[in-house]
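Coordinates in review
What follows is each chain in one-letter form.
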Amino acid sequence: MSIYKFPDGFKWGSATSAHQIEGNNHNDWSEWESSPERIAQLKKEGKTPSDFISGRACDSYNRYEEDFDIAKKLNQNIHRFSIEWSRIEPEEGKFDFEAIKHYQRLVKVLRDRGMEPMVTLWHFTNPIWFAEKGGFLNKKSPEYFTRYAKYVVDNLKDEVGLWITFNEALTVYAGYTNLTAIWPSRGRGILNFLRMRRNISKAHVLAYREVKKIYDVSSNSSQSFLTSHNVMVGITENNVYVPDTKNFWTILVRRMYKRFRNFYFFKENTPHYDFIGLNYYHISRKPFFGENKKLVSKQEFMKEMNWEIYPEGIYHVLKDLSKFKKPIFITENGIADGADLQREKFIKDHLRWIWQAIQDGVDVRGYLYWSLLDNFEWHLGFKPRFGLVEIDYATLERKIRPSAYEYAKICRENELKVESLY
Ligand code: IFM
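Residues numbered from 1 in each chain as written. Predicted model: local features only at pLDDT ≥ 70, side-chain atom pairs only at ≥ 80, totals over all residues. Heavy atoms only, no water.

Where an unreviewed UniProt entry is consulted, the protein chain appears under the name Beta-glucosidase. Under the Sequence similarities (unreviewed entry) heading, UniProt states for the protein chain: "Belongs to the glycosyl hydrolase 1 family." (UniProt positions renumbered as here; feature names shortened; annotations may be inferred.)

Spelled out as structure tokens, the structure:
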């Protein structure tokens, strides 16, 4: 038996996002998913359109207490969720106080159950009015986003100390909306892709400064334990592992790709984030990196997503990111596995490598499994099942999967125990 002990105070939890679980959102994605063009496309591909419309999703907007009871039962002490901008600011400049009250209640329910809230301000969806202005292609988008961010933080500042501005915006989102345009797009092409990345980076920096100011002011006037010094504002990016090769040209391409994809934001904006949120899922074995057959043997596949699983990759990605000298939270790592045959091993294998990275000096503060619940997986609909908890979409019944209990033991003990696999 091998025991891998995690540092004291290490955070254990899971993550979700608003549009994927709440249900009945009205935003640019909900418009797109039920548009005649999208429905026609799905029918042409022989798919059932309702499987690709988020609809009531997991109905977590109403059932969040039940969901957080489950997370507590699974010994989690942190939970990441996102706020739906279109609920907070359904019309330009008009903020819905009822909507913010909902999220205040949600944060309280988490705190009452001993879980620290980690709040994402933006996770792929936009209010209709914002999308109609071009979304993040609009050069005023940093101001629009920051106005919304300030409103949210102002109203939750006493209870939330971990903020994420954007989720995977510069990689997955900018790519899917501008390059492949398989997501709701406001303009295709490389120039739009670059413009969007620039605007989102600016939006982050502006919001970062404003959020910190809110805590500077409030720490002089309120009793809250949260101040601009202990509140952390970060950004979450998706990094893939690109394996080593021995060929000069592929090493060069690989370096450029990593710089452009994995490091772009972190390098440019070092003073403007307090932590890095890392979402890691798989290895990327594109032909232009060289086939790498000899260097990295083929691993298992995550069939529901067609991703190649490579747990050791998280170690290398963490080591790479550690050069930015900021604390790192694993804000997502998980497997779509409805049958629950691979999940326990997936989690344990990745934790083993995260532990190794910590031993080798990387400042990792927590691990949040994606996802607490099965949910709406964007253009892939409801089929991929990432949840620790299975959702029956007909009855909305929640059922904890066996692997979730295995993860719960790790969360409780703050250590991973494995029969000598390694
Ligand atoms: O479901 C998504 C999530 O919204 C962002 N990160 C990757 C997950 C799995 O694809």
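What follows picks up the thread again.
Turning our eyes to something else, we now look at the packing of helix α4 (residues 60-73) against helix α6 (residues 97-112). Running from amino to carboxyl end, α4 crosses α6 at an angle of 10 degrees, the nearest separation of the two axes being 10 Å. As judged from the angle between their axes, α4 and α6 are roughly parallel. Residues Y61, Y64, E65 and F68 of α4 form the contact with α6, whose participating residues are A99, H102, Y103, R105, L106, V109 and L110. Partitioned by chemical class, the residues of the contact of α4 with α6 number 8 nonpolar, 1 polar and 2 charged. (Axes fitted to C-alpha atoms, helices over the stretch in contact; angles between N-to-C directions. Helix = DSSP H or I, 4+ residues; strand = E, 2+ residues; numbered from the N terminus. Parallel < 35°, antiparallel > 145°, perpendicular 65-115°, else oblique. Contact = heavy atoms within 4.5 Å. Nonpolar A, V, L, I, M, F, W, Y, C, P; charged D, E, K, R; others polar.)

Another point: the nonpolar core. Core analysis: the largest hydrophobic core is formed by 120 residues, its most contacted members being F136, F145, W163, L318, I354 and Y367. Here the element with the most residues in this core is helix α10 (residues 190-221); it accounts for 9 residues. Leave out the neighbours within four places in its chain, and Y367 touches F10, K11, W12, G13, I330, N333, I347, L351, I354 and Y407. Formed by 8 residues, the second largest nonpolar core is a distinct cluster that contains I78, I164, F275 and F329. (Core = buried A, V, L, I, M, F, W, Y, C linked by side-chain atoms within 4.5 Å. Buried < 20%, exposed > 50% of the residue type's maximum accessible area, 1.4 Å probe, protein only.)

Residues in close proximity to the ligand total 13 residues, the closest being Q20, H123, E168, E332 and E377. Contacts to the ligand include E332, whose side-chain N or O atom sits 2.5 Å from a nitrogen atom. In this structure, W370 approaches the ligand through a side-chain N or O atom, which is 3.3 Å from an oxygen atom. Surface burial for the ligand is 96%, taken as the share of its 280 Å² of free accessible area covered by protein chains. Looking at the shell around the ligand residue by residue, the class counts come to 7 nonpolar, 3 polar and 3 charged. (Near = heavy atom within 4 Å. Polar contact = N/O pair within 3.5 Å; in protein donor to acceptor, adjacent residues only side chain to side chain. Areas by Shrake-Rupley, 256 points an atom, 1.4 Å probe, with all protein chains shown as cover.)

It is worth spelling out helix α8 (residues 141-156) at this point. With 16 residues, α8 extends 23 Å from end C-alpha to end C-alpha; this agrees with the ideal 22 Å at 1.5 Å per step. Buried residues of α8: S141, P142, Y144, F145, T146, Y148, A149, Y151, V152, V153 and L156, and no others. (Expected span 1.5 Å × (residues − 1).)

With that out of the way, let us pick up the UniProt feature "active site" (unreviewed entry) in the protein chain. Listed under "active site" (unreviewed entry) in the UniProt record, and renumbered for this structure, are E332. Mapped onto the elements, E332 comes out in strand β10 (residues 328-332). Taking relative accessible area as the criterion, E332 reaches 4% and is therefore assigned buried. Among all residues touching E332, those that are not within four sequence positions of it are R80, H123, N167, E168, L278, N279, Y280, Y281, L368 and W370.

Further remarks concern unusual backbone geometry. Glycine aside, residues mostly have negative phi angles, and peptide bonds mostly take the trans form. With an omega of 10 degrees, the peptide bond running from W370 to S371 counts as cis. Within the secondary structure, S371 sits in the loop between β11 (364-370) and β12 (389-392). For A181, which is not glycine, the phi torsion reads 55 degrees and is therefore positive. By relative accessible area, which is 26% here, A181 ends up partly exposed. Of note, the phi angle at W378 is positive, near 50 degrees, even though the residue is not glycine.

Hydrogen bonding along the main chain pairs the strands of a sheet, whether they run parallel or antiparallel. Around the barrel, which closes on itself, the 8 strands sit in the order β2-β3-β4-β5-β6-β7-β10-β11 with parallel pairing between neighbours. Each neighbouring strand pair of the sheet contributes to a mean axis angle of 25 degrees, computed without reference to strand direction. Where strand β5 (residues 162-167) lies against strand β6 (residues 232-238), 4 bridges are found, and the strand directions are parallel. Bridge pairing links I164 to G234 in β6. Helix α11 (residues 248-268) rests against β6 and β7 (275-279) of the sheet, and its axis sits at about 165 degrees to β6. In the packing of helix α14 (residues 402-413) onto the sheet, contacts are made with β2 (11-15) and β11, and the angle to β2 comes to roughly 145 degrees. (Pairing = 2+ DSSP bridges.)

On to the environment of W355. Its place among the elements puts W355 in helix α13 (residues 343-359). For W355, a relative accessible area of 16% puts it in the buried group. The contact partners of W355, leaving out residues within four places of it in the chain, are Y4, K5 and F6.

Turning our attention to the pattern of salt bridges. Side-chain pairs of opposite charge can arise whenever the charged atoms involved come near each other. Enumeration over the complete set of coordinates arrives at 31 salt bridges. The partner of K348 in a salt bridge is E406, with the nearest N and O atoms 3.8 Å apart. Taken as a pair, K348 in helix α13 and E406 in helix α14 lie far apart in primary sequence, 58 residues in all. For K348, a relative accessible area of 15% puts it in the buried group. E406 gets classed as partly exposed once you look at its relative accessible area, which sits at 22%. One salt bridge in this structure joins D363 and R365, with 2.8 Å as the shortest N-O distance. Owing to a relative accessible area of 35%, R365 belongs among the partly exposed residues under this scheme. (Salt bridge = Lys/Arg side-chain N within 4 Å of Asp/Glu carboxyl O.)

Take the packing of α13 against α14 next. The axes of two packed helices give the description: the angle between them and the distance between them. It is at 8 Å that the axes of α13 and α14 come closest, and there the two elements cross at 25 degrees. In terms of orientation, α13 and α14 fall into the roughly parallel class. Of the two elements, α13 crosses α14, and the hand of that crossing is right-handed. Where α13 abuts α14, its residues R343, E344, I347, K348 and L351 lie against S403, E406, Y407 and I410. For the contact of α13 with α14, the per-class residue count stands at 4 nonpolar, 1 polar and 4 charged. (Left-handed = near helix turned anticlockwise from the far one by under 90°.)

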